[in-house]
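# Descriptive analysis of the structure
As a plain string of letters, each chain reads:
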Amino acid sequence: MSCRSTLLVLALLAGGCDGRLSYDGGSPPPPPPPPPPPPTGGGGAVHQSFAIDSVLPGAEFLYVRWGEVGVSDPTAEAGIFVANDAAGLFSGAPVATSTNGGAVQVDGLAGTTTFFVGLAVRVGAGDWTPSGAPMIAHTGVPVYADPAADPGLADGQTPGTAFNDVFLAVVTAFSQGGGNVWIAAGTFESVSFPLLEDVNLYGGFAPGFAVVDRDPTAHPTILNGLAGEYVLRVDSGGDAQIVEGLEIEGLGAVTNGVDLSGSPAELRAVAVRGCTRGMSLRNSAFGPNVSVALFGCTLEANSLQGASIKGALDVTVERSRFVSNTGEGFDAGPLEAPDGGGASL
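Residues numbered from 1 in each chain as written. Predicted model: local features only at pLDDT ≥ 70, side-chain atom pairs only at ≥ 80, totals over all residues. Heavy atoms only, no water.

Per the secondary structure count, the protein chain includes one helix and 27 strands. Out of the 345 residues in the protein chain, the part that is buried amounts to 48%. Counting contacts in the protein chain only where the partners sit at least 6 residues apart, residues at least 24 apart contribute 66% of the total. When the accessible surface of the protein chain is split by element, carbon and sulfur atoms take 55% of a total near 14,400 Å². (Helix = DSSP H or I, 4+ residues; strand = E, 2+ residues; numbered from the N terminus. Buried < 20%, exposed > 50% of the residue type's maximum accessible area, 1.4 Å probe, protein only. Contact = heavy atoms within 4.5 Å. Areas by Shrake-Rupley, 256 points an atom, 1.4 Å probe, with all protein chains shown as cover.)

Below, the structure is given as structure tokens:
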């Protein structure tokens, strides 16, 4: 038995995959038992029907948006929880509640701090039940990028002086010790760059960068790739980095839309189309394990796989779609267990 280990945890919620889910490891194992039914409210109605759509960090605030994603018990209530300690995330009171989707700005937070944001559901006066994996956000003053910006005015410090090159914004954030790059709607051409350590990307802003108007669907931020290259590389090996609200277009000529190697990351509301591989997620087979999460992503019309993983990775996939990829929708690669241990899919 190999001393290498890979633990793969998949939560494929409200998603689809018309490519094949495959692994490279000989004859497939017998199918696992079916999962237990979801928690129910009064009368047996399913009530785990909410999910966080986005978590946007500012200098000293978080803007959280959530919505309904499934059949709902009309008495079900969603609660949003925020803490700087993952273990105690759900121990306090929620910062906001609703019986449908909503948004809340949580002010007065410490700057340059990592926060965890989770959603829980309850029916009536019952206990809060966590639903879905928590998300991470790092507060900090943003650096701005806008494809329509005037480069002669650019310093990235205000919406009016945004960079018209995303990588210049990334370098500036990195030079300041890390931070968040807010990116306006529009198209950036011939894109291929590494996401430097402790830098995070947030697209989908309307002109003016108003937080309440941010909507990656209505205001798409598009990165058109450079032929023969990756579009976005994540390989700093530091703390978890976040990429949220981007559309990556390979135009039939790009290798990997997202090329991740040995780095923890959360990829949220990221669409990748027209690449050889939409997302290539890699780590050494000898570990330590690296955590990667896909929330609400779309991998579509890529010529090999929508997403491909290999190595010691803990992978969570929620509410993501794998559509019309020529090879596999999600290629899980080999599952390798340590001596006396196990690996699961």
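We now examine the environment of G237. For G237, the position within the fold is in the loop between β17 (232-234) and β18 (241-244). Considered as a pair, G237 and A265 are 28 residues apart in the sequence and their alpha carbons are 9.7 Å apart. Setting aside residues up to four positions removed in sequence, G237 forms contacts with G262 and S263.

Another point: helix α1 (residues 166-175). Among the residues making up α1, those that are buried are V166, A169, V170, T172 and A173. An end-on view of α1 places all buried positions within 165° of arc, on one side of the element. Where α1 is buried, its residues contact β11 (143-145), β12 (179-184), β13 (186-191), β14 (193-194), β15 (199-205) and β16 (221-225). Its side-chain oxygen placed 2.8 Å from the backbone nitrogen of F167, D165 serves as the N-cap of α1. (Arc of directions from axis to C-beta. Polar contact = N/O pair within 3.5 Å; in protein donor to acceptor, adjacent residues only side chain to side chain.)

As a further point, take the pairing of strand β8 (residues 114-123). Most of β8 is tucked away, with seven of its 10 residues classed as buried. The pairing of strand β5 (residues 76-83) with β8 spans eight bridges and is antiparallel. Bridged to A76 within β8 is V123. Relative to strand β10 (residues 135-138), β8 runs antiparallel, the two being bridged by four bridges. The partner of F115 across the bridge, within β10, is A137. In the sheet, β8 pairs with strand β9 (residues 129-130) via two bridges, with the strands oriented antiparallel. Across the sheet, V121 pairs through a bridge with T129, a residue of β9. A loop of five residues connects β8 with β9, the two strands running antiparallel in sequence, and G124 in this loop sits at a positive phi of about 65°. (Pairing = 2+ DSSP bridges.)

If you look at the biggest cluster of nonpolar residues, it comprises 45 residues, and the most contacted ones within it are V181, L201, M279 and L294. Sequence-distant contacts of L294, defined by excluding residues within four places in its chain, comprise L267, M279, L281, L299, T316, V317, E318 and S320. Residues V55, V64, A76 and A96 belong to the second largest nonpolar core, which totals 21 residues. (Core = buried A, V, L, I, M, F, W, Y, C linked by side-chain atoms within 4.5 Å.)

The next thing to look at is the sheet that holds β12. Spatial strand order, β11-β12-β15-β18-β20-β22-β25: seven strands in an open sheet with parallel pairing. One side of each edge strand has no neighbouring strand; the edge strands of this open sheet are β11 and β25 (313-318). Mean inter-strand twist for the sheet, computed between neighbouring axes without regard to direction, equals 15°. Examined bridge by bridge, strand β22 (residues 290-295) and β25 share six bridges and lie parallel to one another. Along β25, the bridge assignment pairs F295 with E318. Contacts between α1 and the sheet are confined to β11, β12 and β15, with β11 contributing the most and set at about 175° to the helix. (Axes fitted to C-alpha atoms, helices over the stretch in contact; angles between N-to-C directions.)

With the rule as written, the count across this model stands at eight aromatic pairs. Plain terms: the ring middles of F167 and F193 are 5.6 Å apart, the flat faces sit at 35° to each other, and that makes the pair tilted. Here F167 is found in helix α1, whereas its partner F193 is found in strand β14, with 26 residues between them in sequence. Taking relative accessible area as the criterion, F193 reaches 3% and is therefore assigned buried. On the numbers, 5.5 Å between centres and 85° between planes, the contact of F322 with F330 is edge-to-face. For F322, a relative accessible area of 2% gives the class buried. On the basis of relative accessibility, which here comes to 3%, the residue F330 falls in the buried class. One aromatic cluster is present, formed by Y144, W182, F205 and F209 through successive ring pairs. (Phe/Tyr/Trp six-rings, centres within 6.5 Å; stacked < 30°, edge-to-face > 60°.)

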